[in-house]
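# What the coordinates show
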Amino acid sequence: MPHDVPLINSSVPHSARIWNYWLGGKDCYEIDREVGDQIREVNPEIVQIARAQRAFLKRTVTYLAGEVGIRQFLDVGTGLPTFDNTHEVAQRITPEARIVYVDHDPIVLAHATALLTSTPEGATDYIDADLRDPAAILEGAARTLDFEQPVALMLLGIAAHVPDDSAYGIVERLLDALPSGSHLVFCDSTEVFHPKAMRAMVEQWNQASDNPRTNRSPDQLARFFGGLELLDPGLVSVAQWRPVDEPDSPREPAEPQEVDSFGGVARKP
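Throughout what follows, the structure given in this document is the object of discussion. The structure displayed is predicted, hence computed values, not measured ones.

## Considerations on unusual backbone geometry
- Of the consecutive residues Asp232 and Pro233, the connecting peptide bond is found in the cis state with omega at 5°.
- On the secondary structure map, Pro233 appears in the loop between β6 (229–230) and β7 (236–237).
- The residue Arg242 is not glycine, and still its phi comes out positive at about 45°.
- For Arg242, the position within the fold is in the loop between β7 and β8 (261–267).
- Under the relative-accessibility criterion, Arg242 is labelled partly exposed at 31%.

Quick look at the structure:
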């Protein structure tokens, strides 16, 4: 569908472009690289976290599309396109997969055409909506997804941008609209392994970017899976969620390391 493309201010750092820079993408400006490097100075682990989270997305989508048979994905807070985006991973396995991306970021909206590429058998769409407005997300997604059939709800690193407890109600509202057999794929930042660096990273991020965030403990993250069947190995550092042996891939290290981003996959009964 057509979208108005906003003007991009290349003199102001932007969270989506900074994350894109850490992932090795090219959709960023000098100011984003400067701020990204400043954050990396206080928390050298951040690039590893970004790439481990993307590898987690690839493994979870591969599992859900390949082994579970999920054909629909609702990816909220997708960010800028880089490599192994949800639709690319899913449609490699099942070309008829239908994917809806959701973001309220004008920078991401400007790149939406890069996301809206689908196999002829499947479909992708982009919704300009905020996680804080689940009703708008569900209304828009219903144009592409069939809520009578299972859906994988993807929330990777996005709930941190809702720093208060309203985040739990938002996720619950989205899950309530999905049928039995749907799955939640969720991960977010913690302070388990490098607490000082992770706190410093959040402080630096919030000072420099336009989209504040917070860290949560694993116990706090576990609350997002309430009422769901958490699959093995449970809520773990994302690098430890069913790692695969791809020693020659720079995106999937042979020896997965624990990073301060915890995640898991859960099924709705």
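Still more ground to cover, so stick around.
## Some thoughts on the pattern of salt bridges
- Under the definition given, this model contains nine salt bridges.
- Taking the shortest distance from any N to any O, the salt bridge between Glu30 and Arg33 comes out at 3.2 Å. Placement of the pair is Glu30 and Arg33 together in helix α2 (residues 30–42), with a separation of three residues, close to one helical turn.
- For Glu30, a relative accessible area of 44% gives the class partly exposed.
- One salt bridge in this structure joins Lys58 and Asp84, with 3.9 Å as the shortest N-O distance. One end of the pair, Lys58, is in helix α3 (residues 46–68); the other, Asp84, is in the loop between β1 (72–76) and α4 (86–93), with 26 residues separating them in the sequence.
- Lys58 gets classed as partly exposed once you look at its relative accessible area, which sits at 25%.
- Each of Lys58, Asp84 and Arg92 takes part in one network of salt bridges that share partners.

## Things to note about helix α9 (residues 195–208)
- Taking 1.5 Å of rise per residue, 14 residues should cover 20 Å, and α9 covers 20 Å from first to last C-alpha, within 8% of that figure.
- Each element contacted by the buried residues of α9 is listed here: α1 (15–22), α2, α3 and β5 (183–189).

## So, the packing of aromatic side chains
- Across all of its chains, the model carries six aromatic pairs by this definition.
- Ring geometry for Tyr63 and Trp241: centres 6.1 Å apart, planes at 70°, overall edge-to-face. Linking Tyr63 in helix α3 with Trp241 in the loop between β7 and β8, this pair joins segments that are 178 residues apart in sequence. Each of the two residues, Tyr63 as well as Trp241, counts as buried.
- Each member of the aromatic cluster is reached from another via a ring pair, and the members are Tyr168, Phe186, Phe224 and Phe225.
- Sitting over the ring of Tyr168, Arg216 keeps its end group 5.8 Å from the ring centre.
- Arg223 extends its terminal NZ or CZ atom over the ring of Tyr168, reaching a point 3.8 Å from the ring centre.

## Regarding the packing of helix α7 (residues 134–141) against helix α8 (residues 166–176)
- It is at 9 Å that the axes of α7 and α8 come closest, and there the two elements cross at 25°. Relative to α8, the element α7 lies roughly parallel. The element α7 and its partner α8 pack so that their crossing is right-handed. Where α7 abuts α8, its residues Pro134, Ile137 and Leu138 lie against Ile170, Arg173 and Leu174.
- Considering only residue class, the contact of α7 with α8 consists of five nonpolar, no polar and one charged.

The rules we used
Residues numbered from 1 in each chain as written. Predicted model: local features only at pLDDT ≥ 70, side-chain atom pairs only at ≥ 80, totals over all residues. Heavy atoms only, no water. Helix = DSSP H or I, 4+ residues; strand = E, 2+ residues; numbered from the N terminus. Buried < 20%, exposed > 50% of the residue type's maximum accessible area, 1.4 Å probe, protein only. Salt bridge = Lys/Arg side-chain N within 4 Å of Asp/Glu carboxyl O. Expected span 1.5 Å × (residues − 1). Contact = heavy atoms within 4.5 Å. Phe/Tyr/Trp six-rings, centres within 6.5 Å; stacked < 30°, edge-to-face > 60°. Lys NZ or Arg CZ within 6 Å of the ring centre and 35° of its normal. Axes fitted to C-alpha atoms, helices over the stretch in contact; angles between N-to-C directions. Parallel < 35°, antiparallel > 145°, perpendicular 65-115°, else oblique. Left-handed = near helix turned anticlockwise from the far one by under 90°. Nonpolar A, V, L, I, M, F, W, Y, C, P; charged D, E, K, R; others polar.

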